[in-house]
Amino acid sequence: MRKTPNKRAQSVKAKQRANITFRMNILFFSIFLLFTLLILRLGYLQIVKGEDYKRTLERTEEIAVNTSVPRGRIFDSEGRILVDNEPQRAITYTKMQTTKSDEMYEIAKKLSKLIQKNPKAITKSDLQDFWLWKNKEKALELVSDEERKKIETDENLSTKEKNIEANRLTRSRIPEEELQSFTPKEMQVIAIYREMVAGYALSPQIIKGGEVANKSLKPGEISEEVTVEEFAQVSERLSELKGVNTTTDWRRVYTSPLAILGTASLPKEGIPKERLDYFLSRGYSRNDRVGKSYIEQQYEEVLQGKKSVVKNITDGKGRVIDTKTVDEGKPGEDLVLTMNSEVQMAQEEILEKELLRLKQIPGTKYLDRAFFIMINPYTGEVLSLVGKQVVNDPVTGKPKVRDYAFGSFTTSYEVGSTVKPGTLLTGYREKAIEIGEKFIDEPIRIKGSETKSSVFNRSGRILLSDSEAIERSSNVFMFKTAYSIAGRVYQPNQGINFGIDAFQKMRNGYAQLGLGVRTGIDLPGEVSGVEGGTKMGKLLDLAIGQYDTYTPLQLAQYAATLANGGSRIQPHVVKEIREPSTDGEQLGGVVKEFTPNVLNTIDNTKAEIAHIRSAMQLVYYGSKGSAHSAFGNSKFNGAGKTGTAQSSFYDAAQDKSFSTVNLTHIGFAPFDNPEIAYALVIPWASLESNYKSSFATPIARELVDKYFEIQQKNEALKEIDSTTTPAIKPAFTNDKIDEEETQTK
């Protein structure tokens, strides 16, 4: 008889098999999930974060070391060198991330036997550093165990602060006589070592060199110029001097005193502290030389060039095992300016001569500066940017003239009647007056105010058209135009209430022409001038240029806008960016050419603009023109406007303001197809009590004549050949200004 299976046992076995199957499924699913996560993680690391980890690996194993390359050079419009680079022998030291101070001292000792280093820059801190290194055991005895324990147990100090305090206490107890007992040989070691530690890891630091021969050295002083013998001796022993190299550094040399060329930081300066973060974020090293002002600063990224890059291959402990060059680098690109240095220097000479002559006239106590700017009205190219200022020489105490070209866009003044063409154009634009409008020129009597009148008519009544108002420089015509813009009509002996809108309309009209707004010049530091406010009676002063202030450059842009028929062109001092020259004889290829940039077009009809331009021609050639005596016989057929403004000079020594007169002049020529627009500004030209006549207009004529004289001479000599690359020409003068001298400009 067959035995019946135990149903309960079968049930248990079935449950066990089902449980095992379930567990296996969970296990396989878990393994599947883990492999899926692993694959996803690997994909994320390789695809998403791969470049980041690669860069991290490169930072720890392949470190870029930047070496110096020449900055781009600067030429005038004719290819004459204005800013050059002069090669100098240099000895450098590059410390590694793992370099110890003891190693650097040993290298400094070896170097001190091969080169001479001027010790004058050594500080007390440098002497203390050397003493501490030389006297390690004695240094420990300067601070007692109790004092150290007290510092260590001070809960108010962090670990870093505790170390600083212990170091400070140690240094303060070093005997002064021991700091003064170092031998001349030891002082040489200290002088070299201080330069070595001043550098940054993996960034070459100049130990000696990059200097011009110093002719002013006193007997016994050591020059920072590397001699041929020093260069050779160090070069022969480079294998013994880990981190030391002999190379060529570059000095910036200027052949023109023109201040807008700017300055670059010196090798010992590196990046200025106030701009450190800006440059570090752009891949610069802390000891890189950078442009500090004007053109050198504005075009830093162009002039800086691309450094050669040497990579040190290090092992896991940071030790260098190999070095290779991965990028040869490239010198900075060159700049070609819009200015002809021959024209610039000739006009500088004229303005300087006239400024000194005017200083001899009674009443010119506060006259100390003058500006002349000339622009191509169709391209915006600045053809000359002249600024001169009389200052006291700090050495001799005598007056001298310095370049003040940057003052043409960083300072502003009341410019007087030169704004009158803009006043009439604003009147046309606001439908306040029409072409050919006539007003009676008569003394303006306002209740509670002094009488206002035109210079040529203090008491009579003369009917003038708008053209005659420009020709003769009528103040009253502009006053009545301002009344009309404000929606008012002049009534003798009545009060005035023009409303704020009238000021805004006037200023908007001037701004369209270039007055009261930044010109957009490619130089840092430009100001927009000072807006005077909305005091009711001042609207009349605003209409004749005796309220708001404008920069001389704005006045030149305004003249250019009138000259070209109403387009406000952005001025620029750089004409082209070119590749570095390959042969030193011809300029490199053009990288970028700056083309005209129209900022805005004024809201006036062509007829209105043409009418004003014709009125400005009467200023030169009309029988009653305010500039007829100086320009009436000119052959270049120009047009212009004279200006005189009441101004004020604050004398800090007397804590008192004095009434003065500013003199201005604008113009353009030739009339039909202008190639130049210009502005002359002479602030505080005379005390108002001494003012008799404008001497600005004859100076303007002399400056314009000089331009056409040089142009005519050059055209006769020029051989036009557009198929060849322009040749590099020598500087217009033999003067050379070393980069250290420019720091005082």
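One can find the structure itself at the top, above this paragraph.
If you're wondering where the values come from, they're calculated on a predicted model, not measured in any experiment. Per-chain numbering applies: the sequence of each chain, read as written, is numbered from 1 onward. The predicted nature of this model means local features are confined to residues of pLDDT at least 70 and side-chain atom pairs, given and counted, to a pLDDT of 80 or more, with totals for whole chains, interfaces and linings taken over all residues. Side-chain measures were taken over the full set of non-hydrogen atoms in the model, leaving aside hydrogen atoms and water.

Draft legend 1. Representation of the overall build of the chain in the model. The way it works is that DSSP assigns letters per residue, a run of H or I at least four long becomes a helix, a run of E at least two long becomes a strand, and they are numbered from the N terminus. The secondary structure content of the chain amounts to 25 helices and 21 strands. What the globule rule says is 2.2 Å times the number of residues to the power 0.38, and the radius of gyration is computed from C-alpha atoms. Taking 2.2 N^0.38 as the reference for a compact globule, 745 residues should give roughly 27 Å; the C-alpha atoms of the chain span a radius of gyration of 37 Å, well beyond that estimate. Counting only residues that meet the buried cut, the chain has 49% of its 745 residues in that class. Computed with the Shrake-Rupley method and a 1.4 Å probe, the accessible areas treat only the protein chains shown as cover for residues. Surface accessibility of the chain: about 38100 Å² in total, with carbon and sulfur atoms responsible for 51%. In this tally, Asp and Glu contribute negative charge and Lys and Arg positive charge; neither His nor the terminal groups of the chain are included. A single reference atom marks each charge: NZ on Lys, CZ on Arg, CG on Asp, CD on Glu. Charge separation in the chain, taken as the distance between the mean sites of 103 positive and 99 negative side-chain charges, equals 8 Å. Here's how the labels work: a residue is buried when its accessible area is under 20% of the maximum for its type, exposed when over 50%, partly exposed in between, all with a 1.4 Å probe on protein chains only.

Draft legend 2. Looking closely at the nonpolar core. Ile260, Ile295 and Ile682 are the most contacted members of the largest nonpolar core, which has 131 residues in total. Ranked by residue count, the leading element in this core is strand 20 (residues 676-687), at 10 residues. With residues near it in sequence (within four places) discarded, isoleucine 295 still touches Ile74, Ile260, Leu261, Gly262, Leu303, Leu335, Leu337, Leu523 and Val573. By size, the runner-up hydrophobic cluster in this structure holds 31 residues, among which are Leu179, Ile192, Met196 and Val226. The definition of a nonpolar core used throughout is a set of buried Ala, Val, Leu, Ile, Met, Phe, Trp, Tyr and Cys residues joined through side-chain atoms within 4.5 Å. A contact between two residues is defined here by any heavy atoms of the two lying within 4.5 Å.

Draft legend 3. Spatial organisation of the pattern of salt bridges. For salt bridges, the criterion is a side-chain nitrogen of Lys or Arg within 4 Å of an Asp or Glu carboxyl oxygen. Using the criterion set out here, one finds 42 salt bridges in the structure. Here aspartate 368 ties to arginine 369 by a salt bridge, and the two come within 2.9 Å at their closest N and O atoms. Both residues of the pair, aspartate 368 and arginine 369, belong to the buried class. What you see here is one network of salt bridges that share partners, running through Lys117, Asp126, Arg194, Glu195 and Glu224.

Draft legend 4. Broad picture of the sheet that holds strand 9 (residues 369-375). Two strands make a pair as long as DSSP finds a minimum of two bridges between them. Reading across from one edge, 11-10-9-20-19-18 is the order of the six strands in this open sheet, with antiparallel pairing throughout. Unpaired on one side and paired on the other, strand 11 (399-403) and strand 18 (639-651) mark the two borders of the sheet. Taking each pair of neighbouring strands and ignoring which way they run, the sheet shows an average axis angle of 15 degrees. Relative to strand 11, strand 10 (residues 382-392) runs antiparallel, the two sharing five bridges. By the bridge assignment, valine 391 is partnered in strand 11 with lysine 400. Sheet contacts for helix 14 (residues 341-358): strand 9, strand 10, strand 11 and strand 20; angle to strand 10, the most-contacted strand, approximately 35 degrees. An axis is simply a line fitted to the C-alpha atoms; with a helix, the fit covers only the stretch in contact. Between two such axes, the angle follows the N-to-C directions and lies from 0 to 180 degrees.

Draft legend 5. Molecular detail of the packing of aromatic side chains. When the centres of two rings from Phe, Tyr and Trp lie within 6.5 Å, Trp using its six-membered ring, the rings pair. Their planes under 30 degrees apart give stacked, over 60 give edge-to-face, and anything left gives tilted. Under the counting rule described, the total for this entry stands at 27 aromatic pairs. Aromatic pair phenylalanine 371 and tyrosine 413: ring centres 5.9 Å apart, planes at 35 degrees, arrangement tilted. Taken together, the residues span a long stretch of sequence, with phenylalanine 371 in strand 9 and tyrosine 413 in the loop between helix 15 (407-410) and helix 16 (420-429) at a distance of 42 residues. Summarising the burial analysis for this pair, phenylalanine 371 and tyrosine 413 share the class buried. Aromatic side chains tyrosine 483 and tyrosine 490 sit 5.7 Å apart centroid to centroid with 70 degrees between the ring planes, which places their arrangement in the edge-to-face category. Of the two residues examined, tyrosine 483 and tyrosine 490, each falls in the buried class. Linked through ring pairs, Tyr294, Tyr366, Phe371, Tyr404, Phe406, Phe409, Tyr413, Phe649, Phe658 and Trp684 together constitute an aromatic cluster. Between arginine 275 and the ring centre of tyrosine 278, over which it is positioned, the NZ or CZ distance is 4.8 Å. To sit over a ring, a charge needs its Lys NZ or Arg CZ within 6 Å of the ring centre and within 35 degrees of the ring normal.

Draft legend 6. Local environment of a positive patch on the surface. Each patch groups residues whose relative accessible area exceeds 30% and which form no salt bridge, using 9 Å between like charges and 5 Å between nonpolar side chains of Val, Leu, Ile, Met, Phe, Trp and Tyr. A cluster of basic side chains, namely Lys109, Lys110, Lys113 and Lys185, defines a positive patch on the protein surface. Along the polypeptide, lysine 110 turns up in helix 3 (residues 101-112).

Draft legend 7. Looking closely at the packing of helix 16 against helix 18 (residues 475-485). Packing of helix 16 against helix 18 leaves a shortest axis separation of 10 Å and a crossing angle of 30 degrees. Between helix 16 and helix 18, the angle is such that the two are roughly parallel. Crossing handedness for the pair helix 16 and helix 18: left-handed. The segment helix 16 lies against helix 18, with Lys420, Thr423, Leu424, Thr426 and Gly427 engaging Asn475, Phe477, Met478, Thr481 and Ile485. Along the lines of polarity and charge, the residues of the contact of helix 16 with helix 18 split into four nonpolar, five polar and one charged. Reported orientations rely on four angle classes, namely roughly parallel under 35 degrees, roughly antiparallel over 145, roughly perpendicular from 65 to 115, and oblique for the rest. Left-handed describes a crossing whose near helix is turned anticlockwise from the far helix by less than a right angle; the clockwise case is right-handed. Amino acids are sorted into nonpolar (Ala, Val, Leu, Ile, Met, Phe, Trp, Tyr, Cys and Pro), charged (Asp, Glu, Lys and Arg) and polar (every other residue, Gly among them).

Draft legend 8. Representation of a nonpolar patch on the surface. On the surface, a nonpolar cluster with roughly 880 Å² of combined accessible area is contributed by Ile20, Met24, Leu27, Phe28, Ile31, Phe35, Leu38, Ile39 and Leu42. In this fold, isoleucine 31 is placed in helix 1 (residues 7-48).

Draft legend 9. Highlighting the pairing of strand 18. One ladder, built from 13 bridges, connects strand 18 with strand 19 (residues 656-669); its direction is antiparallel. Within the sheet, the bridge partner assigned to alanine 639 lies in strand 19 and is phenylalanine 668. Counting the residues that bridge the hairpin from strand 18 to strand 19 gives four residues, and of these aspartate 655 lies at a positive phi of roughly 50 degrees.

Draft legend 10. Local environment of the environment of valine 681. Mapping valine 681 onto the fold places it in strand 20. For the pair valine 681 and asparagine 662, spaced 19 residues apart in sequence, the C-alpha to C-alpha distance is 7.4 Å. Not counting residues within four places of it along the chain, the set of residues in contact with valine 681 comprises Ala370, Phe371, Tyr413, Pro552, Leu555, Leu663 and Thr664.

Draft legend 11. Quick peek at the pairing of strand 3 (residues 81-93). Pairing of strand 2 (residues 74-75) with strand 3 involves two bridges; the strand directions are antiparallel. From the neighbouring strand, phenylalanine 75 faces strand 3, where its bridge partner is isoleucine 81. Counting the residues that bridge the hairpin from strand 2 to strand 3 gives five residues, and of these glycine 79 lies at a positive phi of roughly 85 degrees. Note: strand 3 against strand 5 (residues 244-254), 11 bridges, orientation antiparallel. Looking across to strand 5, one finds that tyrosine 93 is bridged to valine 244. Pairing analysis gives four bridges linking strand 3 to strand 4 (residues 205-209), with the strands arranged antiparallel. The residue of strand 4 that forms the bridge with alanine 90 is glycine 209.

Draft legend 12. Fine view of the environment of histidine 628. As for its position among the elements, histidine 628 is in helix 23 (residues 628-631). Each C-alpha atom, one on histidine 628 and one on threonine 697, is 9.5 Å from the other, the two residues being 69 residues apart in sequence. Ignoring anything within four residues of it in the chain, the contact list for histidine 628 reads Val619, Tyr620, Tyr621 and Gly622. Whenever a nitrogen or oxygen atom comes within 3.5 Å of another N or O atom, the pair is scored as a polar contact, on the condition that within protein one atom can donate a hydrogen and the other can accept it, and that pairs from neighbouring residues in sequence are kept only if both atoms are in side chains. Here tyrosine 620 takes part through its backbone oxygen, which lies 3.4 Å from a polar atom of the side chain of histidine 628. There is a polar contact of 3.2 Å between the side chain of histidine 628 and the backbone oxygen of glycine 622.

Draft legend 13. Focus on unusual backbone geometry. Between alanine 669 and proline 670 the backbone carries a cis peptide bond, its omega angle lying at -15 degrees. Tracing the chain through its elements places proline 670 in the loop between strand 19 and strand 20. For asparagine 493, which is not glycine, the phi torsion reads 60 degrees and is therefore positive. With respect to the helices and strands, the residue asparagine 493 is situated in the loop between helix 18 and helix 19 (500-513). Residue aspartate 655 is not a glycine yet carries a positive backbone phi of 50 degrees. One can find aspartate 655 in the loop between strand 18 and strand 19. Accessibility expressed as a relative area gives 58% for aspartate 655, which makes it exposed.

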